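Listed here are the chains, written in short residue letters.
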Amino acid sequence: MTQHYLPHRFLPLLFSIALTAGLHAGEIPFPEALDRAAIAYEGLQRINHDALIIGNGDLAGLIWEKDGGVAMKISKNDVWDARLDTRLDPPLPRFERVKELGRSGKRFPKKGKQVLILEKGVTHPGTSSYSQPYPCPRACGIVQLTPRTAKSDGGQDKKPVRGTVDLRRAVARVERVGPAGESAEFRALANRNAFLIRTTMDVRLIPPTMKGAKTRSGKSDDVEWFEQTLPGDVDWPGMTFAVAMRRQGEYCVVAVGTSREGVEPRALATVLLGNLSEKNVSRWINQHEATWANFWSASGVELDDPLFGRMWYQQLYLLRCAIKPDALSPGLYIGAATDPPLWHGDYHLNANIQGLYWTTLVTNHVDLMMPYHQFALDLLPRAKWLARKVFDMDGAFYPLTAFAYEPPPEKCKAPNGRQYFHHEWGFTIGITSFVVQPLWLEYQYTRDQNVLKRVYPVIREVAVFQSEFIDRCPEGKGGKVLLGPSVSPEHRGWTPGLKQNYNSTFDIALFRLAFEAAIESATTLGRDAELVERWRRSMARLPDHPTSGGPEPVVLDMKDARPTTFNLAPQMTPVWPAGQVTWMSPPAEVKLFRRTLQRMNWGKIVAWAWYCQYRVRLHTPDAFEWTHEVAGSRYRPNGTFLCTPEPHPFNDMGYAIEIAQMAMVISEMLMQSAGDVVYVFPVWPKDRDAAFRDLRAQGGFLVSARQRQGKVIQLIITSTLGGPLRLRSPWPTIIAKLPDGTSRQLTPDARGIVEMPTTRGQKITFHEQ
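Structural notes, computed from the coordinates. (Residues numbered from 1 in each chain as written. Predicted model: local features only at pLDDT ≥ 70, side-chain atom pairs only at ≥ 80, totals over all residues. Heavy atoms only, no water.)

With respect to the packing of helix α16 (residues 623-634) against helix α17 (residues 662-670)
Rule in force here: Simply put, an axis is a line fit to the C-alpha atoms, just over the touching stretch for a helix, and the angle between two N-to-C directions goes from 0 to 180 degrees. Counting from the N terminus, the helices are DSSP H or I runs at least four residues long and the strands are E runs at least two residues long. Roughly parallel covers angles under 35 degrees, roughly antiparallel covers those over 145, roughly perpendicular covers 65 to 115, and oblique covers all other angles. Working rule for handedness: look at the near helix, and if it is turned counterclockwise from the far one by less than a right angle, call the crossing left-handed; if clockwise, right-handed. Contacts are assigned to residue pairs that have any heavy atoms within 4.5 Å of one another. Here the term charged refers only to Asp, Glu, Lys and Arg, the term nonpolar to Ala, Val, Leu, Ile, Met, Phe, Trp, Tyr, Cys and Pro, and the term polar to all other amino acids, Gly among them.
Packing of α16 against α17 leaves a shortest axis separation of 11 Å and a crossing angle of 160 degrees. Relative to α17, α16 is oriented roughly antiparallel. Considering only the axes of α16 and α17, their crossing is left-handed. On the side of α16, the interface is formed by A623, F624, T627 and A631, while α17 contributes M662, V665 and M669. Along the lines of polarity and charge, the residues of the contact of α16 with α17 split into six nonpolar, one polar and no charged.

Focus on the sheet that holds strand β12 (residues 202-206)
Our working rule: Two strands are counted as paired when DSSP detects at least two bridges linking them.
Read from one edge to the other, the open sheet built from five strands follows the order β2-β3-β4-β7-β12, with strand pairing classed as antiparallel. For this open sheet the edge positions go to β2 (52-55) and β12, each flanked by a neighbour on one side alone. Geometrically, the sheet is characterised by an average inter-axis angle of 25 degrees between neighbouring strands, direction not taken into account. Relative to strand β3 (residues 59-66), β2 is paired through four bridges, and the arrangement is antiparallel. Residue pairing in the sheet places L52 in a bridge with I63 of β3. Against the sheet, helix α6 (residues 306-322) makes contact with β2, β3 and β4 (69-81), and its axis sits at roughly 50 degrees relative to β2, the strand it touches most.

Focus: the pairing of strand β24 (residues 690-697)
What counts here: When a residue's accessible area, from a 1.4 Å probe over protein chains only, is under 20% of the maximum for its type it is buried; when over 50% it is exposed; and in between it is partly exposed.
For β24, the buried fraction is high: six of the eight residues fall into the buried class. Relative to strand β25 (residues 701-708), β24 runs antiparallel, the two being bridged by six bridges. Bridge pairing links F692 to A705 in β25.

Some details on the nonpolar core
The line we're drawing: For this analysis, a nonpolar core means a set of buried residues of the types Ala, Val, Leu, Ile, Met, Phe, Trp, Tyr and Cys, connected via side-chain atoms within 4.5 Å.
Counting residues in hydrophobic clusters, the biggest one holds 233 residues, and the most contacted among them are F186, Y398, W535 and F766. It is helix α12 (residues 505-525) that contributes the most residues to this core, 13 residues altogether. Not counting residues up to four positions away in its chain, the partners in contact with F766 are L715, I717, L725, L727, W731, I734, I735, A736, L746 and M756. Counting 18 residues, the second largest nonpolar core, distinct from the first, contains A244, V253, L273 and L276.

And the structure:
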């Protein structure tokens, strides 16, 4: 992964996405609701729990109390200590060796807690490159604000520091700092990689400390700066970043530049400082607020539920703080609360990175999908190499974990092509299919063929790998294969004799999704006719989801699997994220997955938003209240969430950004479009009023609706591309009023669904007859 900013050749694609999204730039739909969601609380003592968060999609700042004042820890998405010492790793595992060990019935060899898939006669101490603190994102330093007044003049007890974030304008404020109660105002400027700070306190820069890094600092004229060079390895040259600061009166600007941006970092940071004239500062603030106003104009909600109303806006705010179209994707966290971060702050491909981007679609921020495109495309050459090296197959196999700036493996001097592939969970075969899911979901929401052309290479190569894999699977019953061997994602591991290493529901559902994506993509683009036929044949050989049998069966995560405690819920994958089981599925199938969800043993620590989404997608009677309780018990005043309301080390790890998917969960309570059928207020309580504007539905539709006193009183749908609209009518009889003033009466079918053609840009108002 070698890109930071997207190349100029992708600017037409951004323009295409903007057109598909409707070019926001309108009024904010519900400004009062947005303002009510402002963040405000007292006590910013712990950076990993209580920090105010600001960001522009590349820069991020965590603001907390430190050393008698306040500080802001700054980070930038492209600043990584990208060293990877694979000398500590065993040789890359071989798929044939996995099958051989399974057939023997012996236990897989272990060193400590690690499972080693080694060739005969090869030994290894059981260490790995993952035991090092790198590779990982690194902090860029701290901006320390220290009160100038040493003593208070009132003698009264000091009140706690108060922090606020105005979401509409993306400005954070702290008050009552120090004995005299001083204050400060922070912005991560939306249109330049710089922080604008307003304060009367003293301000200084503190460089980060890291073993092996080289730091220079100095001051020239009115610019204070430091520059830090992070070490490299035999395949990674290292990188340099610079932080510069200029102050004039109450205003201070802090900028960051990196060597990944193609120029000398300190020179870039200095240029970004600009000058702090009153005119310049006013212009920066106006541009910053205009960018955020444009962001908020894309969609909005107004809910008769204060908690969900705050969560929806706060989660979108954090999402935009973390990602923007032309920046490198963040890893597991926003900001650098811990340095180095837990789990290397890397890209986890079995859940986390996909979860970060889901919310962008239904909330009509499809331009924010661009960093995920770039991530999947940058990693594609390595995925193709892994498919050949580990499996001796064509196509692409994406790994469990990935890091920024991974060089071409064929050119690497380090062992194993500089590839970390040690943990047995890396053999969850469906992970590579999961990489396709956000890309295909985006196409379903936009029907933008320019996007499809760009990401088709990923979809194609994954489907090729899947066909290759299926061709080497053991035969099952009725012409189906035993899909595997594989490992349940983040559960179990290899078992002797491979008895439980086949037919993972996770793998089956995501293989099917990737095949369907590849077949429709190739057909739409007029490509790869022979492969399309191969993919169809392969998909026909996929087995059914494994179940427990008996009078009240449940879906299992693996064939013949014994009960266990789950983090993720692999057996619920057909509901989400595969989206194959919906409210329109046969009642017996819906009942089966509802029963599975009710009876499974969830660990209640991670992936809790997924469990909310399962209920929302299945329209369970408890979906609203269950989600309210689970999310509310984890909600922190700064808009983030705990992993669990009980004390747990994971709660101290910082701010996992993929949890922004809660805005998706709330949006889908208001509007769903699974199966390309628009359904308004599917699980929103009848006794709570609600309204939303321009939520995005599959098929490229923007939907606005209002529910009052249990009845839908407004429904407007805009077709961004044209094509058939399918709508689950909220009324027994329904009239569609077209822009030319004519009306059409529509007759719902047995499921309440109506269908009508639309044209590009057509805005249709529906009402009860």
